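Okay, here's what each chain looks like letter by letter:
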2 protein chains.
Amino acid sequence: MASDVLERFRPLFQPRSIAVVGATDNVFKLGFHALTAVTAAGFEGEVFPVNPNAGEEIQGLKAYRSIRELPRGVDLFIYAIPERLVVPAVRESVEMGARAGVIFAGGFRETGPEGLRLQEELVSIAEGGGMKIIGPNCIGIVNKHARLNATFASPLAWFPEGNVSVVSQSGGMGNSILNELMDEKVGISKFISIGNRANVEFSDMVEYLSEDPHTSVICLFIEGLDDGGSFLKKARAASRRKPVLVYSRGYTASSSRTALSHTGSVASSEEVYRGAFLQAGLLQVHSGSEMAATCKALSMGGMPAGDGVFISTHSAGPVVAICDICERGGLRFPPLKPEVARAMASFLPEHAVATNPLDMFAFAWTDTTLYLRAADLALGQEDIHCAMAVFVTGGGAGPVFPSREYADIGRKHGKPVFLCLITPCALAHEIAEAQSHGVIALSSPEKAAQVLVNLKRGRSLLLREYDGTASFR
Amino acid sequence: MASDVLERFRPLFQPRSIAVVGATDNVFKLGFHALTAVTAAGFEGEVFPVNPNAGEEIQGLKAYRSIRELPRGVDLFIYAIPERLVVPAVRESVEMGARAGVIFAGGFRETGPEGLRLQEELVSIAEGGGMKIIGPNCIGIVNKHARLNATFASPLAWFPEGNVSVVSQSGGMGNSILNELMDEKVGISKFISIGNRANVEFSDMVEYLSEDPHTSVICLFIEGLDDGGSFLKKARAASRRKPVLVYSRGYTASSSRTALSHTGSVASSEEVYRGAFLQAGLLQVHSGSEMAATCKALSMGGMPAGDGVFISTHSAGPVVAICDICERGGLRFPPLKPEVARAMASFLPEHAVATNPLDMFAFAWTDTTLYLRAADLALGQEDIHCAMAVFVTGGGAGPVFPSREYADIGRKHGKPVFLCLITPCALAHEIAEAQSHGVIALSSPEKAAQVLVNLKRGRSLLLREYDGTASFR
């Protein structure tokens, strides 16, 4: 079963060879960007540019004037051609043994009855040849682990490698989520823009990613589902193995009209989707930014075992915001036990009271070891399941938060540690540095609090069979 | 009246000379960072380090062993000393003619009755000498237009100069808002962390900033108000002259407990505050990120004259998200008039339908002039009050959105133009570039939509007497 779905999609995600149909030297054509994307990503298999109008070479590679001239058995076909040429090209490819395809062109189901007919013809040809098609009307796929960028956007290969995979109906929205992940310093495994879903559905991708050893967290952006039943079944199975996050849009009159003419999907009522996602064990989020931040904590194995949070700070204002959001989200700040409070009081600065949340004033900004000593004591208390430190960056001109030692304290207690490092994105390398040690770092109090709330929501949803805490490093 | 409040706070915001009490060469002391902050910001007046244990110099400046040794009439005193030394130091300063002070130390009102007594003594001394005090228990103030950084954090001087001023009870939360503004490529005018508010209140700062010619938008972070009546009166007057945004926290049990022990404030019920803010004409936001993005549009004069939005895109997914948020926020996407639609249809790519929102598919990504021609036609329609283009960055390896020409079209029609430029913060220079031409650029669909919604909310609130549209460039 496992190997089955991985093998079925191997030609798509791990092709040995790629044909780019419509490849060209003309920078104003999509076919130029499609070929560039493949080669710039450092793909190591053979690449075959195809264009009937080509000379000897395209972008320095030997050019083929037709699909029939190609050697048999090319794995993946990327079609960067207008929609009226797509059906004949796919037919020829199937005859040449194609196993997988990516079709960028719009002009299919999303345009009405005529387009729907064209898409049905496409599906019938592909199915006849056992060919899996991503799109039409999409921006394609990326697999960092295979140096594969089968899109028309070279920058999509620049995202760092990691264990998060993103499936999006929309290329643009998928791109937006990838950007948020990049801003959070989270690496990706696979990106899949599935567009009109000729014969590859959300359910297929969820099943594939749940088996994929390079994926630890699955992120979905959904504008509407055709295969609701099948999707929910596969999603439920997936969410028992890995966290699955879902962000869904298209619930108002104007947005659902746009979604319909987009990838031919009709979103149903928001309530129906919400209930279905919940039943399937999917963690619903409400923006790309929230998805990325939550996904980061999950991808780092940061699921606390319970609702008790210990917060320490040198600046109370951000904690006021964090408490507002956390308390409304059902989290608790357990009081410190008398012996813990006594031990803490022995080293706290004047006027600081050993309580939770703990404010150590600017003293802790200059003497950052206070954070370490306080967290070590608090995490020893059994009703406290994680710690969050709040720290305003010194920006290289002031103190630096001791992330390495803080992470060690988390590991010692087997509990995740979070850092709300208040920093502009110009200093986001400090976020990456903290994460390299195992501290889950967020750049604003609102985001930090929302992540804790989402982890709480996720605990009951995601962990019915999958024990997320076990993966905590 | 106008010159009155400006003159009253001149020694604070435009001091001719500064004394740093507690200045030192010891990098582990706050007094080190306080002096560094003043000098590193490039302050052009005289700076006097004061420390009884000093040698001849501190950080290369002539050192003074006591406040009494200083020349008379130093404008601003920065106290980087423990709280037990504060009262005597302020008394001496007043005797030496001090006009303004910044006190970092905690240990006053926020710690209980004894601290409250100490703060009352402090206020009485200051008031007796006509001295304005920021703090205690704060991180101080910044005035970019006077190269003044009277905090203990050098990086606060690095924020670019602009026309937005921020007043925050909390230094940390103020810092978080400044970071969000920096990420949005918005420059600041003044930053004021007012802490315990000895004798400078929110109401004073709102009045001052409403008169300040360098401030176009006022941002407030409030954990609780003591001077509710006076504040609302001054805020109402200010919001008739300039947009005033407010972000308020401290409404749950844990957060109000933290706020109380923070700057001695008690937040009241959220509903009470919400109603009061609304009455005073303040635009309430719910995160630092939302504040920064909204503030940016206002600071660029981007208030549309009505609710009609024209959206154009090469990627429909982000528009689905934008429509969801905008439609729920009461915005409209007026249908294109037949003659506008006809004119647009003449140049749109195959399958693209001349409608609002307008999807031009990937064609518009390679031929970006489509955005310009579409916006020019749509903005000519009188029930359309602004345009938003959605564009996924080419990241330097693909097409670039034509911001300069797009801004020109906005100016031609006298209507603001927005760009949802989907980009990671690593490429935020593209945001800055777009803004330099007059395009209001936001990096995610959710943020872009929320800004439009907030401008709509603000239109009825802020513009009762102040005509924001007139300031559109």
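So, how was this worked out
- Residues numbered from 1 in each chain as written.
- Chains lettered and ligands numbered in written order.
- Predicted model: local features only at pLDDT ≥ 70, side-chain atom pairs only at ≥ 80, totals over all residues.
- Helix = DSSP H or I, 4+ residues; strand = E, 2+ residues; numbered from the N terminus.
- Rg over C-alpha atoms; globule rule 2.2 N^0.38 Å.
- Buried ≥ 20, exposed ≤ 12 C-beta atoms within 10 Å, placed from the backbone.
- Contact = placed C-beta atoms within 7 Å.
- Expected span 1.5 Å × (residues − 1).
- Arc of directions from axis to C-beta.
- Pairing = 2+ DSSP bridges.
- Axes fitted to C-alpha atoms, helices over the stretch in contact; angles between N-to-C directions.
- Right-handed = clockwise from strand over helix to strand, strands pointing away.
- Nonpolar A, V, L, I, M, F, W, Y, C, P; charged D, E, K, R; others polar.
- Domains from an automatic or database assignment.
- pLDDT = per-residue confidence, 0-100.
- Least-squares fit on C-alpha atoms with pLDDT ≥ 70 in both.
- Parallel < 35°, antiparallel > 145°, perpendicular 65-115°, else oblique.
- Left-handed = near helix turned anticlockwise from the far one by under 90°.

### Quick look at the overall build of chain A
Across its full length, chain A carries 18 helices and 19 strands. The C-alpha atoms of chain A give 25 Å as radius of gyration, which agrees with the globular expectation for 473 residues (23 Å, within 12%). Principal-axis analysis of the C-alpha atoms places the extent of chain A at approximately 80 × 45 × 40 Å. Counting all 473 residues of chain A, 63% fall into the buried class. For chain A, contacts bridging at least 24 residues in sequence account for 74% of all contacts bridging at least 6.

### Describing helix H8 (residues 228-239) of chain B
All names here are of chain B. Taking 1.5 Å per residue, twelve residues should reach 16 Å; H8 reaches 16 Å between its end C-alpha atoms and fits that length. Of all the positions in H8, only Phe231, Lys234, Ala235, Ala238 and Ser239 are classed as buried. Taken end-on, H8 shows its buried residues confined to a sector of 130°, consistent with a single buried face.

### Remarks on the environment of B:Cys295
Residue position: B:Cys295 is located in helix H11 (residues 288-299). Leaving out residues up to four positions away in the same chain, B:Cys295 has contacts with B:Val164, B:Leu181, B:Val186, B:Val217, B:Cys219 and B:Leu245.

### Some points on the sheet that holds strand E2 (residues 46-50) of chain B
Residue and element names in this part refer to chain B. Spatially, the five strands line up as an open sheet ordered E2-E1-E5-E6-E7, and their pairing is parallel. Either end of the sheet is taken by a strand with one partner, and the two such strands are E2 and strand E7 (132-134). Taken over all neighbouring pairs, the strand axes of this sheet differ in orientation by 20° on average, direction set aside. Across the sheet, helix H3 (residues 30-40) touches strand E1 (17-21), E2 and strand E5 (76-79), and the angle it forms with E1 is around 165°.

### Focus on the pairing of E1(B)
Consecutive side chains of a regular strand alternate in pointing toward one face of the sheet and then the other. Residue and element names in this part refer to chain B. Here E1 lies mainly inside the structure; four of its five residues are buried. Of the strand pairs in this sheet, E1 and E2 are connected by five bridges, and their pairing is parallel. Opposite Ile18, over in E2, you have Val47 as the bridge partner. Chirality of the crossover, the property in question, places the unit of E1, H3 and E2 among those that are right-handed. Bridge analysis of E1 against E5 gives four bridges, and the strand direction is parallel. Each residue of the ladder has a partner; that of Val20, found in E5, is Ile78.

### Some points on the interface of chain B and chain A
Of the residues lining the interface, 69 residues belong to chain B; the matching set on chain A comes to 69 residues. Of all elements in the fold, only H3, helix H6 (171-183), helix H9 (253-263), H11, helix H12 (316-328), strand E17 (386-392) and helix H18 (445-462) of chain B reach the threshold of two or more residues within the side of chain B that touches chain A. Top element by residues in the side of chain B that touches chain A is H12(B). It accounts for ten residues. Classifying every residue of the side of chain B that touches chain A gives 29 nonpolar, 31 polar and nine charged.

### Some details on the pairing of strand E5 (residues 76-79) of chain A
Residue and element names in this part refer to chain A. In E5, alternate side chains face the same way, and those of Leu76 and Ile78 on one face and Phe77 and Tyr79 on the other are all buried. Taken together, the four bridges between E5 and strand E6 (residues 100-103) define a ladder with parallel strand orientation. Bridged to Leu76 within E6 is Ala100. In the classification by handedness, the crossover that spans E5, the intervening helix H4 (residues 83-95) and the parallel E6 is right-handed.

### Remarks on the domain arrangement of chain A
Assigned domains of chain A: these are domain 1 (1-137), domain 2 (159-299) and domain 3 (303-471). A straight line from the C-alpha centre of domain 1 of chain A to that of domain 3 of chain A covers 49 Å.

### Examining the confidence of the model for chain A
Caution applies to low-pLDDT parts of the model: their predicted coordinates are not meant to be read in detail. On average, residues of chain A score 92 in pLDDT, and 95% of them reach the 70 mark or higher. Scored below 50 in pLDDT, residues 465-473 of chain A shows 18 contacts in the model against residues more than four places distant or in partner chains.

### What to know about the relation of the copies chain B and chain A
Each copy superposes on the other: chain B lies on chain A with an RMSD of 0.0 Å after a rotation of 180° and an axial shift of 0.0 Å. In the structure described here, the two chain copies are related by an operation that fits a two-fold rotation axis. Looking at the rotation axis and the C-alpha trace of chain B, the residue lying nearest is B:Cys425, at 3.3 Å.

### Examining the sheet that holds strand E1 (residues 17-21) of chain A
Residues and elements named next belong to chain A. Strand order across the open sheet formed by five strands is E2-E1-E5-E6-E7, with parallel pairing between neighbours. Of all strands in the sheet, those with a lone pairing partner are strand E2 (46-50) and strand E7 (132-134), marking the two edges. Taking the axes of each pair of neighbouring strands and ignoring which way they run, one obtains an average angle of 20° across the sheet. Against the sheet, helix H3 (residues 30-40) touches E1, E2 and E5, its axis set at about 165° to E1.

### Considerations on the packing of H6(B) against H11(B)
Residues and elements named next belong to chain B. At a minimum axis distance of 8 Å, the contact between H6 and H11 shows a crossing angle of 45°. By the angle between their directions, the pair H6 and H11 is classed as oblique. Here H6 runs over H11; the crossing is right-handed. Between H6 and H11, the contacting residues are Ser176, Ile177, Glu180, Leu181 and Asp183 on the first element and Gly288, Ser289, Met291, Ala292 and Cys295 on the second. Of the residues belonging to the contact of H6 with H11, the class tally is five nonpolar, three polar and two charged.

### Thoughts on unusual backbone geometry
Following A:Gly135, the chain continues into A:Pro136 via a peptide bond in cis, with omega recorded as -5°. Phi angles above zero are rare outside glycine, and A:Arg197 is one such case at about 55°. As for its placement among the helices and strands, A:Arg197 is situated in the loop between strand E11 (188-193) and helix H7 (202-211). Phi angles above zero are rare outside glycine, and B:His351 is one such case at about 75°.

### Some words on the packing of helix H16 (residues 403-413) of chain A against helix H17 (residues 429-437) of chain A
Residue and element names in this part refer to chain A. At a minimum axis distance of 8 Å, the contact between H16 and H17 shows a crossing angle of 35°. With respect to the hand of their crossing, H16 and H17 are arranged in right-handed fashion. In contact with Ser403, Arg404 and Ala407 of H16, H17 contributes Glu433, Ala434 and His437. Across the contact of H16 with H17, the residue classes break down as two nonpolar, two polar and two charged.

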